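This is what each chain is made of:
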Amino acid sequence: MARALVPTVCPYCAAGCGFFIAVQKGRASGIEYMPDHPASEGALCSKGNAALEILDHPDRLRTPLRRKGDDWERISWDEALDLVAKGLDRALNSYGPDSIGFLSSSKCSNEENYLFGKLARYIGCRNVDSCARLCHAPSVVGLNRTLGAAGMTNPISDIANSKCIFIIGSNLAENHPVLSRWVHRARDAGATVIVADPRRTHTTWMADTFLPLKPGTDVALLNGLAHVIIKEGLVNRSYIEEHTRGFVDLVAATVEYTPERVADVTGVPAGDIVQAARSYATSPASVILYSMGITQHTIGTDNVQAIANLALICGQLGREGTGVMPLRGQNNVQGACDMGALAEFYPGYKKADNPETLKLFEAGWGIEGLPLGRGFTATEMIERAGVGKLRAMYIMGEDPASSEPCSQNAQKALEALDFLVVQDIFMTATAKLADVVLPAAVWAEKEGSYTSTERRVQWSSKAIEPPGSALSDLDIICRVAGRMGLDFSYPDAESVLAEINRLVPQYGGITRERLDLHGLVWPCPDSNHPGTPILHVGGFKLDGGRAAIVPVQYRPPAEPISSGYPFILTTGRVAVHHNAGSMTRRSPSLQKREPDLFLEINLKDAQELDVADGDEVTVASSRGETVAVARLTDGMKRGVVFMPFHFPRTNLLTSEFTDDEAWIPEFKVSACKITKRD
Amino acid sequence: MVCSTGALHKEGDKTAFDVDKCTGCGLCQLACPFGVVWTDKIAHKCDLCSGQEMPTCVMTCPANALSLDFDLASRRARNRAAMLIARGGRA
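Residues numbered from 1 in each chain as written. Chains lettered and ligands numbered in written order. Predicted model: local features only at pLDDT ≥ 70, side-chain atom pairs only at ≥ 80, totals over all residues.

Some words on the overall build of chain A
In step 1: When you go through chain A residue by residue, the secondary structure sums to 22 helices and 28 strands.
In step 2: Taken against the 2.2 N^0.38 rule, which gives 26 Å for 678 residues, the C-alpha radius of gyration of chain A at 24 Å falls within 12% of a compact globule.
In step 3: Once the C-alpha set of chain A is aligned to its principal axes, its extents read approximately 70 × 65 × 60 Å.
In step 4: Taking all 678 residues of chain A together, the buried fraction comes to 60%.
In step 5: A separation threshold of at least 6 residues defines the contact pool for chain A, and within that pool the share at least 24 residues apart is 74%. (Helix = DSSP H or I, 4+ residues; strand = E, 2+ residues; numbered from the N terminus. Rg over C-alpha atoms; globule rule 2.2 N^0.38 Å. Buried ≥ 20, exposed ≤ 12 C-beta atoms within 10 Å, placed from the backbone. Contact = placed C-beta atoms within 7 Å.)

Notes on the overall build of chain B
In step 1: On a plain count of helices and strands, chain B comes out with three helices and four strands.
In step 2: For chain B, the α and β elements follow one another from N to C terminus as β-β-α-β-β-α-α.
In step 3: A burial count over chain B gives 12% of its 91 residues as buried.
In step 4: Considering only residue pairs separated by 6 or more positions, chain B has 18% of its internal contacts joining residues 24 or more positions apart.

Considerations on the nonpolar core
Residue and element names in this part refer to chain A.
In step 1: By size, the foremost hydrophobic cluster in this structure holds 198 residues, and its most contacted members are Ile165, Leu225, Ile288, Ile307 and Met393.
In step 2: Each residue touching Ile288, except ones within four places of it in the same chain, is listed here: Phe166, Ile168, Ile307, Leu310, Ala311, Val324 and Met325.
In step 3: Residues Ile601, Val640, Phe642 and Met643 belong to the second largest nonpolar core, which totals 22 residues. (Core = buried A, V, L, I, M, F, W, Y, C linked by C-beta atoms within 7 Å.)

Describing the confidence of the model for chain B
Residues and elements named next belong to chain B.
In step 1: Of the residues in chain B, 93% reach a pLDDT of 70 or more, and the chain-wide mean stands at 83.
In step 2: Per-element averaging of pLDDT across chain B places helix α3 (residues 70–86) at the bottom with 80 and helix α2 (residues 56–60) at the top with 92.
In step 3: On the interface metric, ipTM, the complex scores 0.82, and its pTM is 0.93. (pLDDT = per-residue confidence, 0-100.)

Some words on the environment of Cys45(A)
In step 1: As for its position among the elements, Cys45(A) is in the loop between β3 (27–33) and α1 (46–49).
In step 2: Under the C-beta neighbour-count criterion, Cys45(A) is labelled buried, with 26 such atoms within 10 Å.
In step 3: Residues Cys45(A) and Asn175(A) lie 130 residues apart in sequence; the distance between their C-alpha atoms is 9.4 Å.
In step 4: In this view, Cys45(A) contacts Pro177(A), Val178(A), Ala575(A) and Pro62(B); residues no more than four positions away in its chain are not counted.

A closer look at the domain arrangement of chain A
Residue and element names in this part refer to chain A.
In step 1: As far as domains go, chain A holds domain 1 (4–54), domain 2 (65–133 + 331–520), domain 3 (153–326) and domain 4 (567–676).
In step 2: Across the boundary between the two partners, domain 1 contributes eight residues, which contact eight residues of domain 3.
In step 3: The class makeup of the residues in the side of domain 1 that touches domain 3 is seven nonpolar, one polar and no charged. (Domains from an automatic or database assignment. Nonpolar A, V, L, I, M, F, W, Y, C, P; charged D, E, K, R; others polar.)

With respect to the environment of Asp418(A)
All names here are of chain A.
In step 1: As for its placement among the helices and strands, Asp418 is situated in the loop between α18 (407–415) and β17 (419–424).
In step 2: What makes Asp418 partly exposed here is the crowd of 17 C-beta atoms within 10 Å.
In step 3: Residues Asp418 and Ala91 lie 327 residues apart in sequence; the distance between their C-alpha atoms is 8.1 Å.
In step 4: In contact with Asp418, not counting residues within four places along its chain, are Ala91, Arg391 and Ala392.

Notes on α3(B)
In step 1: Taking 1.5 Å per residue as the helical rise, α3(B) with its 17 residues ought to reach 24 Å, and the 25 Å between its terminal C-alpha atoms agrees with that figure.
In step 2: For α3(B), the buried fraction is low: zero of the 17 residues fall into the buried class. (Expected span 1.5 Å × (residues − 1).)

Some details on unusual backbone geometry
Residues and elements named next belong to chain A.
In step 1: The omega torsion across Trp522 and Pro523 is 0 degrees, close enough to zero to call that bond cis.
In step 2: Looking at the secondary structure, you find Pro523 in the loop between β21 (520–521) and β22 (547–548).
In step 3: Phi at Lys25 is positive, roughly 50 degrees, even though this residue is not glycine.
In step 4: Mapped onto the elements of the fold, Lys25 is located in the loop between β2 (18–24) and β3.
In step 5: In this structure, Asp610 takes a positive phi of about 60 degrees despite not being glycine.
In step 6: Along the chain, the position of Asp610 falls in the loop between α22 (603–608) and β25 (616–620).

Describing the interface of chain B and chain A
In step 1: Listed as interface residues are eight residues of chain B and, on the opposing side, 15 residues of chain A.
In step 2: Of all the secondary-structure elements, those providing two or more residues to the side of chain B that touches chain A are α2 and α3 of chain B.
In step 3: Here the residues of the side of chain B that touches chain A are counted per class, giving five nonpolar, two polar and one charged.

Observations regarding helix α7 (residues 218–231) of chain A
For an α-helix the count is 3.6 residues per turn, leaving residues at separations of three or four pointing the same way.
Residues and elements named next belong to chain A.
In step 1: Between its terminal C-alpha atoms α7 stretches 20 Å, which fits the 20 Å expected from 14 residues at 1.5 Å a residue.
In step 2: Across the 14 residues that make up α7, a large majority, 12, are buried.
In step 3: Looking at α7, one finds that the buried residues are Asp218, Val219, Ala220, Leu221, Leu222, Asn223, Gly224, Leu225, Ala226, His227, Val228 and Ile229.
In step 4: Gly233 occupies a position one or two residues after α7 and carries a positive phi of about 70 degrees.

Considerations on the sheet that holds strand β1 (residues 4–9) of chain A
Residue and element names in this part refer to chain A.
In step 1: Strand order across the open sheet formed by three strands is β1-β2-β3, with antiparallel pairing between neighbours. Edge positions in the open sheet fall to β1 and β3, since each of these has one partner strand only. Each neighbouring strand pair of the sheet contributes to a mean axis angle of 35 degrees, computed without reference to strand direction.
In step 2: With six bridges connecting them, β2 and β3 associate as antiparallel partners. Note that in β3 the partner of Phe19 across the bridge is Tyr33. (Pairing = 2+ DSSP bridges. Axes fitted to C-alpha atoms, helices over the stretch in contact; angles between N-to-C directions.)

Notes on the sheet that holds strand β18 (residues 436–439) of chain A
Residues and elements named next belong to chain A.
In step 1: Taken in spatial order, the seven strands line up as β5-β4-β18-β17-β16-β6-β7 in an open sheet, and their pairing is mixed. A strand with exactly one partner marks an edge of an open sheet, and here the two such strands are β5 (71–74) and β7 (128–130). Here the average twist between neighbouring strands, direction ignored, is 20 degrees.
In step 2: With two bridges joining them, strand β4 (residues 65–68) and β18 adopt antiparallel strand pairing. Within the sheet, the bridge partner assigned to Leu65 lies in β18 and is Val437.
In step 3: On top of the sheet, helix α2 (residues 77–95) reaches β4, β6 (100–104), β16 (392–396), β17 and β18; it is set at about 135 degrees to β17, its chief contact.

In structure tokens:
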């Protein structure tokens, strides 16, 4: 029997692992590994190995649906498109373009994100955002400001060349599992590994130095490291003079952050702070890896800037084994940001409040009167829906009813909309609130390019047909646009990529023909350019070619603990689940291994509450409460508890306070109380 | 060593398994400290994915914890122990 091997990119995290889908008689029959893949070398984690389980899943949406009371009615695409066009047009005509919100998807391809944003802006609506808001918005703001580019500076495989790996706010061993192989390889060659995290995790097992800090005290720790490095004369003087501005301000700003004071604030022993600072500054090549433990704070942008400052004063950028590496969460969250699925940016990080940007896209798109200024963010859209200022939403492949903080408020807000259309692969919590649900294809049922966390743009081919009458997101967007009277006649993803090549300079040379199995790393301005695996070699794309050192000061998290809510709740991920869980919780082999919501709590704290391992507990914040199974561990600090956010009830509790520059909610710190259930 | 029928036997470095000779006595399962052999009606044993360039478990292991380099694991364990001693026994 003929068996075709179709190259594809894993649909889960942003590591961008490649593999082949074996196809027999039009069905996906199995996975074959891709040993020469540059980031994964053929490896796949448990999620990647289980990826095919969602393809022909019985829960897949197979036809368009219309709400009928509490029930759903199957309708034709024709009827569905009419309803969508009418619903959006009505809001547009009655309340204006600012009354509509578009949520784009980090799961969808570059081409789909690009077109979705184009559709919104074509009809004059500025409100295009995506769940990148909830994970790495501060990286976009903070790294653009300091280094002039938002993205991992060095490739994943380059971690192996590092001599000191500083991991802060990332549990990569579970959440980006293939990265561990490169960390181990560096360790085998003698590298030192430093991990800062409030929890002892699978990642801290790799650490030579573990810095168990209190949640939300990262700026204090990072400034403390800078203080030691400056005081002991370990800064890279020539690098600072040649490539940066603002060093003097940083010296002044960190003078108070002595190891002893920082130890008081963070709970990390002063000696370990000094040791970590020396290791990082003096190693010939040091890299910082970070993730949502840094970004999901009201001070997320400050955290990112403090990291950039550290790399800059030590000159640990622009060479092999160095760099600042934001580890992104979803297969195409980097690409979604690159394609302008952020309220403040058009494709290619062109600022939405700059008239020049509009001129460029008006010329490129052959249209006039694009809307000036930043739109409302994902979180703001939900807020505005709640008070009746946003009347309609078009949500593609996102589940804000599960993923927004204090999700019960998000659900109420979505219910209050006049019109909600949700385009997804499963009936998610958000889709359940919709007026019209459009069935979409999953990654293996369509083609397109995806950009991994290392800025590697890879082409994923179509392996099989979608179930029922489901269509690719690209196809659906074009049909919706057509029904609204716009000319979106793109025959395929390749033709959209060709338009991206023309309008997004970083992607100028990333054409379909050049995307072979291993992809290309942006910036890649023209068709002869080999791509740019390492950023900032020899300088920065900011004023005068210099990076900006932007000093920041420690501020405590927005929600303090109190006698009523004495525990700090922090949220995160586990190895076998992904984000809001709509895919992994439907994947039998993964769900079997981690079926229930759990709460990790320190042994002594549990003892005081008379809670034993496996007991059910009620966890409550000022916003809501939920039930979880207690897991006792000595890997948690006292007074801190952890819950994974893959289960929809976790976000009933989380804090709605946001960063005032990147508007990311502070998922990592919420005050809560815990009681044993009888 | 414990296999009385020669179903489990040495082929070079590897321990091979001849299914036709197995009586299902279960002694091999008792003898193996790593749980590499298990029995229901007869014994089952990993053949390191014979015929493939690399066993599937090694290929897919994200962290490269599994490897065909038998010295790697002991080198890593030794490094870890040495590090512990260098830091005065503090984990």
